[in-house]
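Observations on the three-dimensional arrangement
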Amino acid sequence: MTLYSFLKKVFRLQFRLMKWTVIGEENMPTTGPVILAINHVSIWDPVVAACSVPRQVSFMAKEELFSIPVLGGIFSKLGAFPVKRGQGDMNAIRQSLTILKGGGVLGLFPEGTRSKTGEIQKGMPGMVLLMEKSQASIVPVKVRGTSNMFTKGWGRISVVVGKPLTNQMLKPPEGVEKRREWIADRIMQAMIELPEAK
C-alpha cells in the first residue's frame, strides 16, 4: 500500500465521523487526463477533495509549503509539487503537463488563493492553458465546511463533484478577445452553480 492510499483510508475514516457528504462522485472520469478545479477556503481542501474522488490526485501547491521540515517531503511523496505564485512558473507548468499527458489527475485551485469570504472568486486562466495543451477534461468541484475543521468542533463537510467540461464544450463565441479569461469564467460559473449538499 502506498503512502497516498494509506493516508486516504485514514482521512476517509475521520471524515465519515464528521458528517462527510459527497455528491456526484460518479461524474469523475475513470480514465484519461483530468483537471480538478476546486474552490479554496481552507488548507484542508486538497485533503477533502482527494478523498472524495476514486483516482489519485496530484496537487500543485505553493512552494512555501515544501520548505516546512518533514511535511515538505511528505507532500512530494504524495505527488504534490511546488508552484511559484504570482509569476509564470514554467517548471510547474511542465510538471502539470507531464501528469496530464500521462493520463493522470491534476488538482488545482483556480482562484489562486483562499477565499476570505467563502464565496467563489474569479478563476485564473492558467488552468485553461493546461486544458488546451493536454486535452484534459475539467471537473469543477465545490467544497464546503472545511474552514473550521478541527477548530470549532466536528462540523459537517461536503463535496460536490460536477460533470466534466471539455474543450469542445467551452468554445467562446466569435469576437471574444480574452479567450482564456472567458473560458475560466465559464468554469468558475459551473462551480458556482453546483448544488449545495443537503
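As a starting point, this report considers the structure included with it. Note that the coordinates shown come from a computational prediction; the quantities given were computed from them, not determined experimentally. Within each chain, residues carry numbers counting from 1 in the order of the written sequence. Given that this is a predicted model, residues contribute local features only at a pLDDT of at least 70 and side-chain atom pairs are listed and counted only at 80 or more, while totals for whole chains, interfaces and linings are drawn from all residues. The side-chain quantities take in all heavy atoms of the structure and omit both hydrogens and water.

1. Notes on a nonpolar patch on the surface
- Candidate patch residues must exceed 30% relative accessible area and have no salt bridge, after which like charges are joined if within 9 Å and Val, Leu, Ile, Met, Phe, Trp or Tyr side chains if within 5 Å. Per-residue and other accessible areas were derived by the Shrake-Rupley procedure at a 1.4 Å probe size, with only the shown protein chains allowed to occlude residues. Whenever a carboxyl oxygen of Asp or Glu lies within 4 Å of a side-chain nitrogen of Lys or Arg, that contact is scored as a salt bridge. The grouping of Met1, Leu3, Phe6 and Val10 at the surface amounts to a nonpolar patch, some 400 Å² of accessible area in total.
- Every helix listed is a DSSP run of H or I at least four residues long, and every strand listed is a run of E at least two residues long, numbered separately from the N terminus. Along the chain, Val10 falls in helix H1 (residues 3–16).
- With a 1.4 Å probe rolled over the protein chains alone, any residue whose accessible area is under 20% of its type maximum counts as buried; one over 50% counts as exposed, and the rest are partly exposed. Residue classification places Val10 among the partly exposed residues on the basis of a relative accessible area of 39%.

2. What to know about the nonpolar core
- Ile35, Met127 and Ile187 are the most contacted members of the largest nonpolar core, which totals 25 residues.
- Taken together, the elements giving at least two residues each to this core come down to strand S2 (34–38), strand S4 (81–83), helix H4 (90–101), strand S5 (105–108), helix H5 (126–134) and helix H6 (179–192).
- Ranked by residues supplied to this core, first place goes to H6 with 5 residues.
- Only heavy atoms matter for contacts: two residues are in contact if any of them lie within 4.5 Å across the pair. Ignoring any residue separated from it by four or fewer positions in sequence, one finds Met127 in contact with Ile35, Ala37, Leu108, Pro110, Ile138, Ala184, Ile187 and Met188.
- Tyr4, Met28, Phe59 and Phe109 belong to the second-largest nonpolar core, a separate cluster that totals 24 residues. Residues belong to one nonpolar core when they are buried, are Ala, Val, Leu, Ile, Met, Phe, Trp, Tyr or Cys, and are joined through side-chain atoms within 4.5 Å.

3. A few points about the pattern of salt bridges
- On inspection of all chains with the given rule, the structure shows 5 salt bridges.
- A salt bridge links Glu132 to Arg179, with the shortest nitrogen-to-oxygen separation between them at 2.4 Å. Here the residue Glu132 occupies a position in helix H5, and Arg179 occupies one in helix H6, the gap between them amounting to 47 residues.
- Arg179 gets classed as partly exposed once you look at its relative accessible area, which sits at 36%.
- The closest approach of N and O atoms between Lys142 and Glu196, which form a salt bridge, is 3.2 Å. Taken together, the residues Lys142 in strand S6 (residues 137–144) and Glu196 in the segment after H6 connect sequence positions 54 residues apart.
- Glu196 gets classed as partly exposed once you look at its relative accessible area, which sits at 43%.

4. Thoughts on the layout of surface pockets
- The way it works is a 1 Å grid over only the protein atoms, where trapped points that fit a 1.4 Å probe form a cavity and open points with protein on both sides within 12 Å along at least five of seven lines form a pocket, and then any residue with an atom within 4 Å of a point lines it. Grid points are joined across faces, edges and corners, and a volume is the space filled by probe spheres set on the points. Empty space within the largest pocket amounts to approximately 1500 Å³.
- Along the wall of the largest pocket there are 46 residues; nearest its centre are Phe59, Met60, Ala61, Lys62 and Phe109.
- Taken together, the elements giving at least two residues each to the lining of the largest pocket come down to H1, helix H2 (45–51), strand S3 (57–62), helix H3 (71–77), H4 and H5.
- With 6 residues, S3 is the single largest residue contributor to the lining of the largest pocket.
- Residues were grouped as follows: Ala, Val, Leu, Ile, Met, Phe, Trp, Tyr, Cys and Pro as nonpolar; Asp, Glu, Lys and Arg as charged; and all remaining residues, including Gly, as polar. Of the residues that constitute the lining of the largest pocket, the class distribution is 30 nonpolar, 9 polar and 7 charged.

5. Some words on the pairing of S2
- Within S2, 5 of the 5 residues are buried, leaving the element largely enclosed by the surrounding structure.
- Across the two faces of S2 the burial is the same, with Val34, Leu36 and Ile38 and Ile35 and Ala37 all buried.
- For two strands to be treated as a pair, DSSP must find at least two bridges joining them. Relative to S6, S2 is paired through 5 bridges, and the arrangement is parallel. Bridged to Ile38 within S6 is Val141.

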